[in-house]
Amino acid sequence: MNSAHFHCPLCAEKEGLEITTEFKRTFFRCIQCDLLSLKPSQRLSQSEEKARYETHENDITDPRYQEFVSPLVEWVSQKLPPGSCGLDFGAGTGPILASLFRKRGLQLKIYDPFFWPNSSTLQRQYDFVVASEVVEHFSNPHKEFQLFKELVKPNGILGLMTLMHGPETKIESWYYLKDPTHVCAYSPQTFEWIVRAFTFSHLSISLPRMAMLTR
C-alpha cells in the first residue's frame, strides 16, 4: 500500500492508499469514508460493461439465485406494511427481487440503466428501494446515493446487498475485486459515512453483505 492523491468518487477526499491487487487492478482506499474505488483508467467502457452483464445467468426460477437474495427480501419485507410500493434498482436481466417481493404482497417497479431504462420510474418516491449486487458497480457513487435519497420517501427504506470489506479482508487478494465490473467496494464505515452525508436517519448492517438505511 502506498499513499496516493486521488479524488474519492463518494466523499471527494483527495488522500487515500493505493492498493494493487493480484488481479492487476489498482484501487484507492479513501482515508475519510473507507471506500475502495478502482483507478478510473481501468474501468470498462459502457458497452464492455453491458456485454459482461449479458453473460450473467440470472434466471428468476433458479433456486440458488432465489436463496442468495432471499435474506434481503425477508429483512426488508419485515419492516413494511402490506401494499407498500418499492423499486428494484439495477434489476439486471432477471428481475428476481420484483418477483419475490410481489409474492409477499408488495408492489415493485423495476429499473436498470442497461436492461430496463424506464426513466419515469426515477421521477417518483417509493416506500422502499432495493438493490442487490448493484452499488459495487457505481463509478459515481455520490451521484447514485443522492438519487437513492431522492427516491426513498421519508421514513422509507433503502435495502442493499453488496459484499463488505473489513479489518480482516486481505484486499490485495480479495476475490470480490476480481470482477472487472466491480469498481468500488464498501465497508460498514463507508455506510456510516453515507448515512451522515445523505441524512438518513438510521443504519442497520447484517454482515457480510446487507445494509439497510432508513430515510
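Residues numbered from 1 in each chain as written. Predicted model: local features only at pLDDT ≥ 70, side-chain atom pairs only at ≥ 80, totals over all residues. Heavy atoms only, no water.

1. Some words on the nonpolar core
1) Next: In this structure, Phe89, Phe145 and Phe148 are the most contacted members of the largest nonpolar core, which totals 37 residues.
2) Next: If you list the elements that add at least two residues to this core, you get strand E3 (26-30), strand E5 (85-89), strand E7 (126-132), helix H4 (141-151), strand E8 (152-161), helix H5 (188-197) and strand E11 (210-214).
3) Next: In this structure, phenylalanine 89 is in contact with Tyr111, Leu122, Val129, Val130, Ala131, Val134, Phe138, Glu144, Leu147, Phe148 and Leu151, ignoring residues within four places of it in sequence. (Core = buried A, V, L, I, M, F, W, Y, C linked by side-chain atoms within 4.5 Å. Buried < 20%, exposed > 50% of the residue type's maximum accessible area, 1.4 Å probe, protein only. Helix = DSSP H or I, 4+ residues; strand = E, 2+ residues; numbered from the N terminus. Contact = heavy atoms within 4.5 Å.)

2. Here's the deal with the sheet that holds E5
Backbone-to-backbone hydrogen bonds pair the strands of a sheet. The strands run either parallel or antiparallel.
1) Next: In space, the six strands of this open sheet follow the order E6-E5-E7-E8-E11-E10, with mixed pairing throughout. Edge positions in the sheet fall to strand E6 (107-111) and strand E10 (202-206), since each of these pairs with one other strand and no more. Mean inter-strand twist for the sheet, computed between neighbouring axes without regard to direction, equals 15 degrees.
2) Next: Relative to E6, E5 runs parallel, the two sharing five bridges. Note on E6: the bridge partner recorded for glycine 86 is leucine 108.
3) Next: Strand contacts of H4: E5, E7 and E8, with the helix running at about 135 degrees to E8, the strand carrying the most contacts.
4) Next: The strands touched by H5 are E8, E10 and E11; relative to E10, the strand with the most contacts, the crossing angle is about 165 degrees. (Pairing = 2+ DSSP bridges. Axes fitted to C-alpha atoms, helices over the stretch in contact; angles between N-to-C directions.)

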